[in-house]
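This is what each chain is made of:
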Amino acid sequence: MSDAYYLRLTDRLRELLGDPDACVEGRLPAERTLAERFRTTRVTLRQALAQLEGEGRIHRSNRRGWFVSPARLDYDPTRDAGFNDYVRAQGRRPRTEVLLTDTRPHPPAAEALGLPADQPLFHIRRRRFVDDRAVLAESLWVVPERAPGLLEGDYASHSLWGQLRSRWGLSLAHRSLRLYSEALPEREAAELGVAAGSAGLSVRRAIFDERRRPVEYDEEHWLHDALCITVELDGKA
């Protein structure tokens, strides 16, 4: 199949995405139906669908098919705003599930926070939704000495950062960020309902208080088409 045909097919699929009658509740017709409609092979069709997936226009849900991707969420990882607050501020519906809480060492977190590798840390594992679509799987690692009794709280409906401020008087004054694209590992992909190896964005954040004491280390795994990184700078040197 020629490159010209593949590009034309991709363009025709883009047009299809704007047809509300063709994509009922945001879901594309089955691949077999699309292949018959455009008189092409499933192989060529999947190449065109993969192109649109890479552009963030559509996404695939395990065992459910292809869907039109919603608008990206604006996300500033340097701000203290809680997930629920910035999602609602953009007219969207947030939801959070706590998957696990425990206490154990986590060497990557210890290294980022400058702690011994065998230092036990409080761990909260969460899955976060925007408009009922799972978009983020995250692990939060907190130094127990900074927040005794932390794991007794409700972190499905409450902001961890908000609790660290209000309950323990902590100021999250300094942070170090690392962002990079990734192929979602098996665990994170399963939690987000996509195939292992799907495109994702990893955000790693080490947080310290005003005295430079280590407080928290976050590991976020986002679906690549779910967000737009937006950072505001004040122009100071």
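Residues numbered from 1 in each chain as written. Predicted model: local features only at pLDDT ≥ 70, side-chain atom pairs only at ≥ 80, totals over all residues. Heavy atoms only, no water.

An unreviewed UniProt entry annotates the protein chain as UTRA domain-containing protein of Halomonas salifodinae.

With that out of the way, let us pick up the pattern of salt bridges. Across all of its chains, the model carries 21 salt bridges by this definition. The salt bridge partner of R14 is D11, with a shortest N-O separation of 2.5 Å. On the criterion of helical spacing, the pair formed by R14 and D11 is a turn pair, its members being three residues apart in helix α1 (residues 3-17). We classify D11 as partly exposed; its relative accessible area is 40%. For the salt bridge of E191 with R187, the shortest nitrogen-to-oxygen distance reads 3.4 Å. Placement of the pair is E191 and R187 together in helix α7 (residues 186-192), with a separation of four residues, close to one helical turn. Taking relative accessible area as the criterion, E191 reaches 13% and is therefore assigned buried. Here R187 falls in the partly exposed class, since its relative accessible area comes to 39%. Overlapping salt bridges bring together R93, R95, E97, R127 and D132 as one network. (Salt bridge = Lys/Arg side-chain N within 4 Å of Asp/Glu carboxyl O. Helix = DSSP H or I, 4+ residues; strand = E, 2+ residues; numbered from the N terminus. Buried < 20%, exposed > 50% of the residue type's maximum accessible area, 1.4 Å probe, protein only.)

With 13 residues, helix α3 (residues 42-54) should reach 18 Å at 1.5 Å per residue; the first-to-last C-alpha distance of 18 Å fits that figure. Burial in α3 covers these residues: T44, L45, A48, L49 and L52. End-on, the buried residues of α3 take up no more than an arc of 135 degrees, which puts them together on one face. The outward face of α3, more than 90 degrees from its buried face, is lined by the exposed residues V43 and G54. (Expected span 1.5 Å × (residues − 1). Arc of directions from axis to C-beta.)

Before going further, it helps to examine the nonpolar core. In this structure, Y86, L192 and W222 are the most contacted members of the largest nonpolar core, which totals 21 residues. Secondary structure elements with two or more residues in this core: β3 (73-75), α4 (83-89), β5 (120-130), β6 (133-142), α7, β8 (199-208) and β9 (214-223). Excluding residues within four positions of it along the chain, L192 makes contact with A134, V135, L136, A137, L184, H221 and L223. Core analysis: the second largest hydrophobic core is formed by 18 residues, Y5, L17, A48 and W66 among them. (Core = buried A, V, L, I, M, F, W, Y, C linked by side-chain atoms within 4.5 Å. Contact = heavy atoms within 4.5 Å.)

Among the structural elements, E182 can be located in strand β7 (residues 174-183). According to the relative accessible area criterion, E182 is buried, its value standing at 14%. Among the polar contacts made by the side chain of E182, one reaches the side chain of H221 at a distance of 2.7 Å. (Polar contact = N/O pair within 3.5 Å; in protein donor to acceptor, adjacent residues only side chain to side chain.)

Below, the discussion takes up a nonpolar patch on the surface. Taken together, the side chains of L179, I229, V231 and L233 make up a nonpolar region of the molecular surface, amounting to roughly 370 Å² of accessible area. Topologically, I229 is positioned in strand β10 (residues 227-229). (Patch = residues over 30% accessible without salt bridge, like charges linked within 9 Å, V, L, I, M, F, W, Y side chains within 5 Å. Areas by Shrake-Rupley, 256 points an atom, 1.4 Å probe, with all protein chains shown as cover.)

Sheet architecture is open: six strands sit in the order β4-β5-β6-β9-β8-β7, paired in antiparallel fashion. Only two strands of the sheet have a single neighbouring strand rather than two, namely β4 (94-105) and β7. Across the sheet, the mean angle separating the axes of adjacent strands is 15 degrees when strand polarity is ignored. Taken together, the seven bridges between β6 and β9 define a ladder with antiparallel strand orientation. Note that in β9 the partner of E138 across the bridge is E220. Along the sheet, helix α6 (residues 160-168) makes contact with β5, β6, β7, β8 and β9, crossing β9 at roughly 165 degrees. (Pairing = 2+ DSSP bridges. Axes fitted to C-alpha atoms, helices over the stretch in contact; angles between N-to-C directions.)

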